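Structure assessment
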Amino acid sequence: MTDVRAFALLAGKARYLARGENSAIAKSPVKGPVKIGFLGLEGDEQADLSVHGGPDKALHHYPHDHYARWGEGRADDTVLAGPGAFGENISTHGLTEDHVCIGDRFRLGSALIEISQGRQPCWKQGERLQWPALPALMVKERRSGWYYRVIEEGTAELGDLLSMVERPLPDWTVRRVFGLLIAGDHRKDPEALAELAGMELLYDGWRRRAVKLMT
């Protein structure tokens with residue numbers, strides 16, 4: 001895999017979305033260098049900390065490569081006109097769920113980050129794009145995005161390289177793991193669940209999900 005450049009680094013504040021809930025899913029590009037801490041980008045927020053944020057979900061990466069797919073057939077694609085539609089903190093071209101694996105470590109600016117899990121779609125992404133069926137399509141097509149934990153804090157800015165420095169689990173792409181734990185692929189490969197349950201680099205919530213699916 002070749003290095004890719006950060007197309008955008010993004011942050012957002014929580015505000016009312018729908019269903020009586022706030023969300024920080026709408027992100028905007030950050031100008032200039034920004035600190036990457038153990039809990040994410042400086043100035044970024046998460047509204048519901050029970051399912052978003054925390055050390056294992058410090059940074060959300062959604063491939064800008066998928067935007068063209070989600071823009072197909074939509075009369076109003078204003079939300080998709082720039083990055084940030086899916087709540088992502090990192091946007092790139094040329095890097096998708098097929099190309100990255102659980103445990104992959106990248107250098108972004110001076111920060112060191114590590115992939116911890118895929119991003120499980122939810123209703124807020126559908127609400128943001130006014131497309132209720134979108135989360136189910138994201139699952140079906142495995143266009144999930146992924147999360148990083150921060151191993152070493154640092155700073156980064158637009159245009160910095162996202163450079164892989166380590167790949168300990170080359171057989172476990174984000175697409176494969178997402179398929180097994182979220183999209184129902186475990187029915188075709190139940191033996192894989194035992195490996196996921198014991199995978200220390202995988203977010204512990206997804207390890208617990210693997211155990212549950214084994215029963």
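Report on the accompanying structure.

About the criteria used
- Residues numbered from 1 in each chain as written.
- Predicted model: local features only at pLDDT ≥ 70, side-chain atom pairs only at ≥ 80, totals over all residues.
- Heavy atoms only, no water.
- Helix = DSSP H or I, 4+ residues; strand = E, 2+ residues; numbered from the N terminus.
- Rg over C-alpha atoms; globule rule 2.2 N^0.38 Å.
- Buried < 20%, exposed > 50% of the residue type's maximum accessible area, 1.4 Å probe, protein only.
- Contact = heavy atoms within 4.5 Å.
- Pairing = 2+ DSSP bridges.
- Core = buried A, V, L, I, M, F, W, Y, C linked by side-chain atoms within 4.5 Å.

Of regular secondary structure, the chain possesses six helices and 14 strands. Against the compact-globule benchmark of 17 Å for 215 residues, the chain has a radius of gyration of 16 Å, which places it among compact chains. For the chain, the C-alpha atoms occupy an extent of roughly 45 × 40 × 30 Å along the three principal directions. Among the 215 residues that make up the chain, the fraction classed as buried is 50%. Pairs at least 24 apart in sequence give 74% of the contacts found in the chain among residues at least 6 apart.

Our focus in this paragraph is the pairing of strand 3 (residues 15-18). For a regular strand, the rule is simple: side chains alternate between the two faces of the sheet. Pairing of strand 3 with strand 4 (residues 21-23), which is carried by three bridges, proceeds in the antiparallel orientation. When the bridges of strand 4 are listed, Tyr 16 appears paired with Asn 22. In this structure, the hairpin formed by strand 3 and strand 4 is closed by a connection of two residues, where Arg 19 is found at a positive phi of approximately 55 degrees.

Let's shift gears to the nonpolar core. Core analysis: the biggest nonpolar cluster contains 39 residues, and Leu 59, Leu 108, Ile 113, Tyr 148, Leu 181 and Leu 196 have the highest contact counts within it. Of all the secondary structure elements, the ones that give two or more residues to this core are strand 6 (34-37), strand 10 (105-108), strand 11 (111-118), strand 12 (146-152), helix 4 (174-181), helix 5 (191-197) and helix 6 (204-214). Ranked by the residues each element gives to this core, the list is headed by helix 4, at five residues. Judged by nonpolar contacts, the second largest core, of 10 residues, contains Tyr 62, Leu 129, Trp 131 and Leu 134.

Of the two faces of strand 10, only the one carrying Phe 106 and Leu 108 is buried; Arg 105 and Arg 107 on the other face are not. Alignment of strand 10 against strand 11, held across four bridges, turns out to be antiparallel. Directly across from Arg 105, in strand 11, lies its bridge partner Glu 114. Between strand 10 and strand 11, which pair antiparallel in sequence order, lie two residues; one of them, Gly 109, sits at a positive phi of approximately 60 degrees. Relative to strand 14 (residues 161-166), strand 10 runs antiparallel, the two being bridged by four bridges.

With that settled, the discussion passes to the sheet that holds strand 13 (residues 154-156). Strand order in this open sheet of three strands is 7-6-13, and the pairing throughout is antiparallel. Two strands in the sheet have a free side with no partner beyond their single neighbour: strand 7 (40-41) and strand 13. In this structure, strand 6 lies alongside strand 7, joined through two bridges in antiparallel fashion. In the strand pairing of strand 7, Gly 37 is matched with Gly 40.

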